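Summary of the model geometry
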Amino acid sequence: MAALSLALHALASAIWVGGMFFAYVVLRPSVGPLETAERQALWQRVFSAFFPWVIGSIVALLASGYWLLFVTYGGFGGAGVHIHIMHLTGLLMFLLFFHLFFVPWKRYRRALAAADTADAGRWLGQIRMIIAINLGLGLFTIAIGASGRFWP
Ligand code: HEM
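What you see is a predicted model, and the numbers here were worked out from it, not measured in a lab.

With that settled, consider the packing of aromatic side chains. Scanning the model with the defined rule gives 16 aromatic pairs in all. Taken together through their ring pairs, the aromatic side chains of Trp 16, Trp 43, Phe 47, Phe 50, Phe 51, Phe 94, Phe 97, Phe 98, Phe 101, Phe 102, Trp 105 and Tyr 108 make up a single cluster. In this structure, Arg 28 packs its charged tip against the face of Tyr 24, placed 4.4 Å from the ring centre.

This paragraph deals with the site of the ligand. Of all residues adjacent to the ligand, which total 22 residues, the nearest are His 9, Tyr 73, His 82, Met 86 and Arg 149. In this structure, a nitrogen atom belonging to the ligand sits 2.8 Å away from a side-chain N or O atom of His 9. Between an oxygen atom of the ligand and a side-chain N or O atom of Arg 149, the distance comes to 2.6 Å. Counting only elements with at least two residues in the shell around the ligand, the list comes to helix H1 (2–31), helix H2 (36–72), helix H3 (81–102) and helix H5 (117–147). Considered class by class, the residues forming the shell around the ligand number 13 nonpolar, eight polar and one charged.

Below, the discussion takes up the packing of H3 against H5. For the pair H3 and H5, the least separation of the axes is 9 Å and the interaxial angle reads 160°. As summarised for this structure, H3 and H5 are arranged roughly antiparallel, according to the angle between their axes. Crossing hand, H3 versus H5: left-handed. Here His 82, Ile 85, Met 86, Thr 89, Leu 92, Met 93, Leu 96, Phe 97, His 99 and Leu 100 of H3 come into contact with H5, specifically with Ile 127, Ile 130, Ile 131, Ile 133, Asn 134, Leu 137, Gly 138, Phe 140, Thr 141, Ile 144 and Gly 145. A per-class count over the contact of H3 with H5 returns 14 nonpolar, seven polar and no charged.

Conventions adopted
- Residues numbered from 1 in each chain as written.
- Predicted model: local features only at pLDDT ≥ 70, side-chain atom pairs only at ≥ 80, totals over all residues.
- Heavy atoms only, no water.
- Phe/Tyr/Trp six-rings, centres within 6.5 Å; stacked < 30°, edge-to-face > 60°.
- Lys NZ or Arg CZ within 6 Å of the ring centre and 35° of its normal.
- Near = heavy atom within 4 Å.
- Polar contact = N/O pair within 3.5 Å; in protein donor to acceptor, adjacent residues only side chain to side chain.
- Helix = DSSP H or I, 4+ residues; strand = E, 2+ residues; numbered from the N terminus.
- Nonpolar A, V, L, I, M, F, W, Y, C, P; charged D, E, K, R; others polar.
- Axes fitted to C-alpha atoms, helices over the stretch in contact; angles between N-to-C directions.
- Parallel < 35°, antiparallel > 145°, perpendicular 65-115°, else oblique.
- Left-handed = near helix turned anticlockwise from the far one by under 90°.
- Contact = heavy atoms within 4.5 Å.

Structural data, given as structure tokens:
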């Protein structure tokens, strides 16, 4: 069960953080030359396809992470410092994503439905900023979570 949880945990983090890396580092500069309305519609399709995977990854990370923490390691007392750091940065990432999902993402879709390109641009800017922060936190968390067991 521990091996299965860790496999699920690693896969979920690869899907979420890898997806953010692709969106931010590869796709964002590549869609720059598109006309504004076309670019905004593209991001709506991209995020509509990506966010269900993020939600699934969060559910998998929480379930597998707490299983490992409480069942495999016997709770916070038995867990190394890297697990405490991962727990904190992980919770921060989940909160940032849920803010993104329920505020800027909802308002972005509303602005696009009203063909308000300027307002959509403002909310897309917020989505971009939160993804940049979560990408940084995600890369950091993966490095900590994967290397911590070998720390001195
Ligand atoms: C509630 C939040 C979380 C909890 C309780 C948690 C818990 C754990 C635990 C107990 C381990 C095993 C560590 C060891 O045996 O040394 C682990 C490994 C790991 N975690 Fe987390 N985690 C959480 C969130 C996250 C997040 C958000 C990410 C990435 C975005 C992440 C990425 C990883 C990685 C990459 C590993 C190492 C997997 C491997 O060995 O290949 N974790 N986590």
